[in-house]
Amino acid sequence: EDMTDEERLALVMELEEDNTVELDEGTVRKMILNLDKKHAKNQELRIKHTEQPERFMDSEIELHVEIGKCLTIATQPQMYPVLVECGGVTLVISLLTHPNSDIVLGVVDLLHELTDTDIISEAMDAGQVLVEALVKNQIMSILLQVLESLDEKNE
């Protein structure tokens, strides 16, 4: 089940190709379900192989790719209510506490794109739904903890 370097590269490059998907409610729900599955698989492998990072590295790459795929949602803010409704905001925020800083930075990038001021102001109601869900899920305090944690890792 281990990937070769070429397979890893192909998986990461898949990210770029998938950012042009036309979104509908079903696609957003599927994206969040896939993200949740990749996260669960990664958690399971991390617990099972704590001392052997090479055994869960492929699942981390898959999780990172799945986070990248979710960037498409930021291009269609009318889907933000679906993102909130299907638990996407809660899931994305939970990924901010992932032990791999690449995953965390991918999530920060996703949140940055989702909350772009032009996008939020353009899609007022949908943007407000997203912002309210982020606030309800304590995004500010969690982001502060993440920044402190990343800062400690860099010292």
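Caption draft 1: Local environment of the overall build of the protein. Along the protein, the regular secondary structure elements total 9 helices and 0 strands. Reading the protein from its N end, one meets helices and strands in the order α-α-α-α-α-α-α-α-α. Here the protein, with 155 residues, has 40% of them falling under the buried criterion. Summarising the internal contacts of the protein: among those between residues at least 6 apart in sequence, 76% fall at separations of at least 24. Counting every atom, the protein has about 9200 Å² of accessible surface; 53% of that belongs to carbon and sulfur.

Caption draft 2: The pattern of salt bridges, seen in detail. All chains considered together, the criterion is met by 6 salt bridges. Here Glu 60 makes a salt bridge to Arg 46, at a shortest N to O gap of 2.5 Å. Remark: Arg 46 occurs in helix α2 (residues 25–48) and Glu 60 occurs in helix α3 (residues 57–69); sequence separation between them is 14 residues. The class of Arg 46 is partly exposed, set by a relative accessible area of 22%. Through salt bridges with shared partners, a single ionic network connects Glu 25, Arg 29 and Glu 85.

Caption draft 3: Inspection of the packing of α2 against helix α5 (residues 88–95) at higher detail. One can describe the packing of α2 onto α5 by two numbers: an axis separation of 10 Å at closest approach and a directional angle of 30°. Handedness of the α2/α5 crossing: left-handed. From α2, Ile 32, Leu 35, Asp 36 and His 39 reach across to α5, where they touch Gly 88, Leu 91, Val 92, Ser 94 and Leu 95. Tallied by class, the residues present in the contact of α2 with α5 amount to 5 nonpolar, 3 polar and 1 charged.

Caption draft 4: View of the side chain of Asn 100. Relative to the elements of secondary structure, Asn 100 occurs in the loop between α5 and α6 (101–114). A distance of 2.7 Å separates a polar side-chain atom of Asn 100 from the backbone nitrogen of Asp 102. In contact with Asn 100, other than residues within four places in its own chain, are Arg 46 and Glu 60.

Caption draft 5: View of the environment of Thr 90. Here Thr 90 shows up in helix α5. Distance from Thr 90 to Lys 136, taken between C-alpha atoms, is 9.6 Å for residues 46 residues apart in sequence.

Cut-offs and rules
Residues numbered from 1 in each chain as written. Predicted model: local features only at pLDDT ≥ 70, side-chain atom pairs only at ≥ 80, totals over all residues. Heavy atoms only, no water. Helix = DSSP H or I, 4+ residues; strand = E, 2+ residues; numbered from the N terminus. Buried < 20%, exposed > 50% of the residue type's maximum accessible area, 1.4 Å probe, protein only. Contact = heavy atoms within 4.5 Å. Areas by Shrake-Rupley, 256 points an atom, 1.4 Å probe, with all protein chains shown as cover. Salt bridge = Lys/Arg side-chain N within 4 Å of Asp/Glu carboxyl O. Axes fitted to C-alpha atoms, helices over the stretch in contact; angles between N-to-C directions. Left-handed = near helix turned anticlockwise from the far one by under 90°. Nonpolar A, V, L, I, M, F, W, Y, C, P; charged D, E, K, R; others polar. Polar contact = N/O pair within 3.5 Å; in protein donor to acceptor, adjacent residues only side chain to side chain.

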